[in-house]
Number of protein chains: 2
Amino acid sequence: MQSMVTRVSIVEDDQRIRASLSLLIESSPGFCCVGAYGTGEEALEQIPGNLPEVVLMDINLPSMSGVDCVRQLKNLLPAIQVVMLTVYNDTDLIFQALRAGASGYLLKGVKPSKILEAIEEVKHGGAPMSSYIARKVVQSFQKPQPLSQPADNLSQRERQVLDYVAQGYINKEIADALAISLETVRSHLKSIYDKLHVRSRTEAVVKHLQ
Amino acid sequence: MQSMVTRVSIVEDDQRIRASLSLLIESSPGFCCVGAYGTGEEALEQIPGNLPEVVLMDINLPSMSGVDCVRQLKNLLPAIQVVMLTVYNDTDLIFQALRAGASGYLLKGVKPSKILEAIEEVKHGGAPMSSYIARKVVQSFQKPQPLSQPADNLSQRERQVLDYVAQGYINKEIADALAISLETVRSHLKSIYDKLHVRSRTEAVVKHLQ
DNA sequence: GGGCAAATCCCCCGTACGGGGGATGGCCGC
DNA sequence: GCGGCCATCCCCCGTACGGGGGATTTGCCC
């Protein structure tokens, strides 16, 4: 079983930030800082020797980047948990870091208590993320599309009908589901085809799902 | 500008849970419950009328599923923020819900205070997730993802035909494009419907585009 | 050589679909 | 108040579609 204290290492090139993180960890009950490194290379060398459970990793390191460091670290020690800690909220960097194996991603400026919470959370299988980061991540599952939606002037009702069509409903079923007549459904479909410049339900669905 | 209170609606089929959520919202300063519905259909009908900022959505609803409800709701009201609230931590459901447009995902059993925090967080652009969920989401970036896709037994020719269907071609056009007869296209389509367990080209296309 | 799946083609038949007309209210904007 | 969209409903008509039969050829596997 694990010891009662959570072993943490820090990889951060700014000496002041490194020192203050180290101090934060050391001065908090239940945490202990087993290493603080200024470069990714140094971290890769030392970390296997003193096995922290959690690593706080700056993303902007000299020479080897934080992302690369995470990738190699997770290769060496798959069980290690990494929380990125950075000023950058650049979307690409977030996904690069997550793909590389980071499990958490905090923006610098969070309260110290949040950092400690994140360490505990990541240790117990969570994925602590600043809310902005979490939203970016969730969005990546949603529509890869709308930077500027072409504003397909569909009315609410038309969207609703199209939604049913996209679920494979035939017109009669849509009519029943919406408690309107078959003819009304057909009317809505005509407007939909007109507005989307298509000629069939299949085309409409494809356009609807982009 | 927005009012100081956060307007919340609840979609949850269990009357007791619905009542207790409603009570939680109403009795918390800064929150107000503008609707509580037992079915997705009811929610879709009523929510556009009283415009909550945040919707708490159970995933396991009778008839229309919570996921479908989210999909249609986000279609109608793209700005609305949805937090799933469920006992299921099934990976597929999580991603289905996120793809459908949910921005948060809490497991039932979280402390009431966490629910209120989540509502505020999602309102301000965050993505509140239980730690288990967050980890699943993050993992989906790490695993070289093509884990699913069990190769739906379609033959090469069938995929080709389905591809054209998904581009809105009618059968005659597909026949011309592939230089085969209309009847052959129809034959392939029959096998496709059979293999995908669908009854129309529209359903087939939807399944094909996941 | 028999079995088998893929790919090709054919016919019948009912019906869902889409295009072309309409019509009626309701609500909004100017 | 009039034109505009919206939502609702109705008719006719041709055709694309899907389900139900088939058939043939090619190639592969055992």
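About the cut-offs
- By convention here, each chain's residues receive numbers from 1 onward along its written sequence.
- Going through the entries in the order they are written, you letter the chains from A and number the ligands from 1.
- Where totals are concerned, whole chains, interfaces and linings use all residues; where local detail is concerned, this predicted model gives features only for residues with pLDDT of at least 70, and gives and counts side-chain atom pairs only at 80 or more.
- To get the side-chain values, take all heavy atoms of the structure and skip hydrogens and water.
- Near is defined per residue: the residue qualifies when any heavy atom it owns lies within 4 Å of the molecule or strand.
- Counting of polar contacts relies on pairs of N or O atoms within 3.5 Å, with two restrictions inside protein: one atom must be capable of donating a hydrogen and the other of accepting it, and residues adjacent in sequence are counted only when both atoms are side-chain atoms.
- In this description a helix means any DSSP run of H or I spanning at least four residues, a strand means any run of E spanning at least two, and both kinds are numbered starting from the N terminus.
- Charged residues are taken to be Asp, Glu, Lys and Arg, nonpolar residues to be Ala, Val, Leu, Ile, Met, Phe, Trp, Tyr, Cys and Pro, and polar residues to be all remaining types, Gly included.
- Three exposure classes are used, based on accessible area relative to the maximum for each residue type with a 1.4 Å probe and protein chains only: buried under 20%, partly exposed in between, and exposed over 50%.
- In this description, strands pair whenever DSSP reports at least two bridges between them.
- Axis definition: a line fit to C-alpha positions, over the contact stretch in the case of helices; interaxial angles, taken between N-to-C directions, run 0 to 180 degrees.
- As used here, the term nonpolar core means buried Ala, Val, Leu, Ile, Met, Phe, Trp, Tyr and Cys residues forming a set that is joined through side-chain atoms within 4.5 Å.
- Only heavy atoms enter the contact rule, under which two residues are in contact if any of them lie within 4.5 Å.
- Basic side-chain nitrogens of Lys or Arg form a salt bridge, by our definition, when they fall within 4 Å of a carboxyl oxygen of Asp or Glu.
- The disulfide definition used here is simple: a pair of cysteine sulfur atoms within 2.5 Å.
- Given a helix with a known number of residues, its expected span is that number minus one, times 1.5 Å.
- Think of the arc as the fan of directions from the helix axis to the C-beta atoms.

1. Regarding the protein's contact with DNA strand D
Step number 1: Around DNA strand D, the surrounding shell holds 19 residues, and the nearest of these are S155, S181 and S187 of chain A together with R186 and K190 of chain B.
Step number 2: If you look at DNA strand D and keep only atoms within 4 Å of the protein, 57% of those are sugar or phosphate atoms.
Step number 3: Within the contact set of DNA strand D, a phosphate oxygen lies 2.5 Å away from a backbone nitrogen or oxygen of S181 of chain A.
Step number 4: Looking at the surface near DNA strand D, the elements that each hand over two or more residues are α9 (182-196) of chain A together with α9 (182-196) of chain B.
Step number 5: Here the element with the most residues in the surface near DNA strand D is α9 of chain A; it accounts for 6 residues.
Step number 6: Class assignment of the residues belonging to the surface near DNA strand D gives a composition of 3 nonpolar, 8 polar and 8 charged.

2. Points about unusual backbone geometry
Step number 1: Positioned with a positive phi, A179 of chain A is a non-glycine residue whose angle comes to about 55°.
Step number 2: Note on placement: A179 of chain A falls in the loop between α8 (171-178) and α9.
Step number 3: A179 of chain A sits in the exposed class, given a relative accessible area of 68%.
Step number 4: At H197 of chain B, a residue that is not glycine, the phi angle is positive and equals roughly 60°.
Step number 5: Along the chain, H197 of chain B falls in the loop between α9 and α10 (201-208).

3. What about the sheet that holds strand β5 (residues 104-107) of chain B?
Residues and elements named next belong to chain B.
Step number 1: Taken in spatial order, the 5 strands line up as β2-β1-β3-β4-β5 in an open sheet, and their pairing is parallel. Only two strands of the sheet have a single partner each, and these edge strands are β2 (31-37) and β5. Neighbour-to-neighbour, the strand axes of this sheet turn through a mean angle of 20°, independent of strand direction.
Step number 2: Note that strand β1 (residues 6-11) and β2 share 6 bridges and pair parallel.

4. Concerning the nonpolar core
Side chains of a nonpolar character, in soluble globular proteins, are inclined to be buried together.
Step number 1: M57 and M129 of chain A together with M57 of chain B are the most contacted members of the largest nonpolar core, which has 82 residues in total.
Step number 2: Contact partners of M129 of chain A, with chain neighbours within four places excluded, come to Y105, L106, A134 and V137 of chain A together with M129, A134 and V138 of chain B.

5. A few points about the pairing of β5 of chain B
Residues and elements named next belong to chain B.
Step number 1: Side chains G104 and L106 project from β5 onto one buried face, and the interleaved Y105 and L107 project onto a second face that is buried too.
Step number 2: Examined bridge by bridge, strand β4 (residues 81-86) and β5 share 4 bridges and lie parallel to one another. Bridging across to β5, T86 finds its partner in L107.

6. A word on the pattern of salt bridges
Step number 1: Scanning the model with the defined rule gives 21 salt bridges over all chains in all.
Step number 2: A salt bridge links E12 of chain A to K108 of chain A; its shortest N-O distance comes to 2.9 Å. Of this pair, E12 of chain A sits in the loop between β1 (6-11) and α1 (15-26) while K108 of chain A sits in the loop between β5 (104-107) and α5 (112-123); the two residues are 96 residues apart in sequence, bridging distant segments of the chain.
Step number 3: Salt-bridge contacts for D176 of chain B lead to K172 of chain B; the nearest nitrogen and oxygen are separated by 2.9 Å. Here D176 of chain B and its partner K172 of chain B are both found in helix α8 (residues 171-178), 4 residues apart, which amounts to about one turn of the helix.
Step number 4: Residues joined by salt bridges that share partners form a network here, namely E12, D58 and K108 of chain A.

7. Details of the state of the cysteines
Step number 1: Enumeration over the complete set of coordinates arrives at 0 disulfides over all chains.
Step number 2: Of all cysteine sulfurs in the structure, the one in C33 of chain B sits closest to C32 of chain B, which takes part in no disulfide; the separation is 7.3 Å.

8. Overview of α5 of chain A
Residues and elements named next belong to chain A.
Step number 1: With 12 residues, α5 ought to run about 16 Å at 1.5 Å a step, and its terminal C-alpha atoms sit 17 Å apart, in line with that.
Step number 2: Those residues of α5 that sit buried are I115, L116, A118, I119, V122 and K123. Burial along α5 is one-sided: seen end-on, the buried residues are contained in an arc of 155°.
Step number 3: Positive phi appears at G125, one or two residues downstream of α5, with a value of about 90°.

Without other data, these values stay purely geometric and don't point to any function.
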